Amino acid sequence: MHASRGTQKRSAGLGLALLSAFAFGGSGVAAKPLIEAGLDPLHVVWLRVAGAALIMLPVAWRHRNLVRERPALLAGFGLFAVAGVQACYFAAISRIPVGVALLVEYLAPALVLGWVRFVQRRPVTRAAALGVVLAVGGLACVVEVWAGLSFDALGLLLALGAACCQVGYFVLSDHGGQEAKGREGREGKGGDGGSVEPPPPLGVIAYGLIVGALVLTVVARPWGMDWSLLGGTAGMNGTGVPAWVLLGWIVLIATVLAYGTGVVSVRMLSPQVAGVVACLEAVIATVLAWVLLGEHLSAPQLIGGFTVLTGAFIAQSSAPKPPSGPVAAGAGAAAAAAESELSAGRASH
């Protein structure tokens, strides 16, 4: 009976993880036509984050004690995992293909290991070092360095900026996790036997979206946006699609549903399995961009993309001590992100 329930739970978790990866993977494909129709990338990011924040307000109210208990965590999630990652990613896809931008972001686990090795001066395993080499080598194929970087250099830098925002949140969350463990240890020595409860992931996500929306409101200044564009159509590989449909997909599917299913799936699966499924986000995004936007990648780029994902997974799973907090992402990571601080780590976009 218990084995049957365990199998059903894993199957359900895998299904939710796949749904989350698909939902996250479609964000860039839906956003790029809006950007090409005339909306500024920052305005698209603001619409996504502010819309999702409004929907998550009831969740934020339910977990309002987080504002007092974990202000640094909420601020970090909003600044890095929401505002930073999304702004850099959407700005990047306005200049380079969706799949390339997302694959560049998958350097984040490798960059985290660089921080661990050279800043924190902690040892890393050979397997982790191999993962870094694979990720960097695969990226060289993705951007076709032998052709003199055939993609827009600024677009690549923006995608790298999104990866760095993920690293910043990894580091912030790891620091927060250490503080929580230290506080729990001190309380234990005090003899009260108490334990520090991890923050609820949906609450962290809700407040992260609110913080991100507030930051992006100042940066994007949406009052200057051409709102009439949302009543028109956006071209998707020659086909006109209502702009409000694309915006609805970005807010409801690629944000609210993606984060929610991601959090639940990590609770039902091991971090390792969830991490593997999260890597499918880049594959899904590349395939959707190929089919819906006509963004074709060459054979070397596809091979390089597979190598990046392989290296990213090895680097993340072979770390001497996984980061204990959320990442984002934008993309795919933020959902498992919040759970990571709560249970064990998962890295994705």
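Residues numbered from 1 in each chain as written. Predicted model: local features only at pLDDT ≥ 70, side-chain atom pairs only at ≥ 80, totals over all residues. Heavy atoms only, no water.

### What about the side chain of Lys 32?
Move 1: Mapped onto the secondary structure, Lys 32 falls in helix H2 (residues 27-36).
Move 2: For Lys 32, a relative accessible area of 8% gives the class buried.
Move 3: Once residues lying within four places of it in the same chain are set aside, the contact partners of Lys 32 are Ile 93, Ile 96, Pro 97, Val 98, Leu 293 and Glu 295. (Helix = DSSP H or I, 4+ residues; strand = E, 2+ residues; numbered from the N terminus. Buried < 20%, exposed > 50% of the residue type's maximum accessible area, 1.4 Å probe, protein only. Contact = heavy atoms within 4.5 Å.)

### Quick look at the packing of aromatic side chains
Move 1: For the structure on display, the rule yields four aromatic pairs.
Move 2: For the ring pair Phe 22 and Trp 249, a centre distance of 6.2 Å and an interplane angle of 80° mean the geometry is edge-to-face. Of the two residues, Phe 22 is situated in helix H1 (residues 2-25) and Trp 249 in helix H12 (residues 243-268); the sequence distance between them amounts to 227 residues.
Move 3: Relative accessible area serves as the criterion here: at 36%, Phe 22 is assigned to the partly exposed category.
Move 4: Given the relative accessible area of 30%, Trp 249 is considered partly exposed.
Move 5: Taking the centre distance of 6.2 Å and the plane angle of 85° together, the rings of Trp 46 and Trp 227 count as edge-to-face. Residue Trp 46 is found in helix H3 (residues 41-55), and its partner Trp 227 is found in the loop between helix H11 (201-220) and strand S1 (233-236); the two are separated by 181 residues along the sequence.
Move 6: Owing to a relative accessible area of 15%, Trp 46 belongs among the buried residues under this scheme.
Move 7: The ring of Trp 61 has Arg 64 lying over it, and the distance from NZ or CZ to the ring centre is 4.2 Å. (Phe/Tyr/Trp six-rings, centres within 6.5 Å; stacked < 30°, edge-to-face > 60°. Lys NZ or Arg CZ within 6 Å of the ring centre and 35° of its normal.)

### Overview of the packing of helix H6 (residues 71-93) against H11
Move 1: At a minimum axis separation of 7 Å, H6 and H11 run at an interaxial angle of 60°. On the basis of the axis angle, H6 is oblique to H11. Seen along the crossing, H6 lies across H11 with a hand that is right-handed. For the pair H6 and H11, the contacting residues are Leu 73, Leu 74, Ala 75, Phe 77, Gly 78, Leu 79, Val 82, Ala 83 and Ala 87 in the first and Val 204, Ile 205, Tyr 207, Gly 208, Leu 209, Val 211, Gly 212, Val 215 and Leu 216 in the second.
Move 2: Partitioned by chemical class, the residues of the contact of H6 with H11 number 15 nonpolar, three polar and no charged. (Axes fitted to C-alpha atoms, helices over the stretch in contact; angles between N-to-C directions. Parallel < 35°, antiparallel > 145°, perpendicular 65-115°, else oblique. Left-handed = near helix turned anticlockwise from the far one by under 90°. Nonpolar A, V, L, I, M, F, W, Y, C, P; charged D, E, K, R; others polar.)

### Some words on the pattern of salt bridges
Move 1: Evaluated as defined, the whole model comprises three salt bridges.
Move 2: With a closest N to O distance of 2.7 Å, Lys 32 and Glu 295 form a salt bridge. Here Glu 295 lies in the loop between helix H13 (271-293) and helix H14 (299-317) and Lys 32 lies in helix H2, a separation of 263 residues in the sequence. Judged on exposure class, the residue Lys 32 and its partner Glu 295 are both buried.
Move 3: The partner of Asp 152 in a salt bridge is Arg 95, and the shortest N-O contact between them spans 2.9 Å. Placement of the pair is Asp 152 in the loop between helix H9 (126-142) and helix H10 (153-189) and Arg 95 in the loop between H6 and helix H7 (98-105), with a sequence separation of 57 residues.
Move 4: A residue is classified by how much of its surface remains accessible, and Arg 95, at 42% relative accessible area, is partly exposed. (Salt bridge = Lys/Arg side-chain N within 4 Å of Asp/Glu carboxyl O.)

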